[in-house]
Amino acid sequence: MSFDQPLLLLFLPLALLPFWRRTQGDVRVPFPAGAFARGIRPSWRRRFAPLAPALRAITVALLVVALAGPRVGTAWSKVRADGIDILLALDTSVSMTTDLG
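Summarised in this report is the structure supplied together with it. (Residues numbered from 1 in each chain as written. Predicted model: local features only at pLDDT ≥ 70, side-chain atom pairs only at ≥ 80, totals over all residues. Heavy atoms only, no water.)

**Regarding the pattern of salt bridges**
Basically, it comes down to this: The rule for a salt bridge is simple: a side-chain nitrogen of Lys or Arg has to be within 4 Å of a carboxyl oxygen of Asp or Glu. Put simply, DSSP H or I for four residues or longer makes a helix, DSSP E for two residues or longer makes a strand, and each gets a number counted from the N terminus. Whether a residue is buried, partly exposed or exposed follows from its accessible area with a 1.4 Å probe, protein chains only, as a fraction of its type maximum: under 20%, in between, or over 50%, in that order.
Scanning the entire structure with this criterion turns up one salt bridge. For R71, the salt bridge is made with D4, and the minimal N-O distance between the two is 3.4 Å. Note that R71 is positioned in strand β2 (residues 70–71) and D4 in the loop between β1 (2–3) and α1 (44–48), a separation of 67 residues in sequence. Judged by its relative accessible area of 46%, R71 is partly exposed.

As structure tokens, this is what we get:
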């Protein structure tokens with residue numbers, strides 16, 4: 001496999017950018033006695049939040065590779081071959097279903 005623009009692959013480390021976070025201290029909000037909320041299941045957004053940086057990294061990596069223009073080489077060559085054409089004709093007209101007897 002070769003690339004049309006192989007220098008663009010130097011941007012591949014940008015895929016790790018979503019894992020780099022600036023910590024700005026504790027951003028939790030104190031919540032009074034949450035006994036009533038213990039039975040509530042977390043939302044899908046909350047459950048899949050840890051996957052977001054990984055999905056962003058995969059997206060950036062695939063974008064960089066796509067922009068680099070991957071190419072798979074194929075070579076065309078003419079091959080001389082001899083063969084026979086066979087034709088099968090089937091007559092399904094009404095005259096063929098007539099009883100001759």
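Moving on, there is more to tell.
**Comments concerning helix α2 (residues 52–68)**
We count it as follows: How far a helix is expected to stretch is found by multiplying one less than its residue total by 1.5 Å. Note that the arc is computed from the directions linking the helix axis to the C-beta atoms.
The terminal C-alpha atoms of α2 lie 24 Å apart, and with 17 residues this matches the ideal 24 Å at 1.5 Å per residue to within 8%. Residues of α2 that are buried include every one of P53, A57, V64 and A68, and no others. The buried residues of α2 occupy one face: seen down the axis, they fall within an arc of 45 degrees. Counted as exposed and oriented over 90 degrees from the buried face of α2: L55, T59, L62, L63 and A66.

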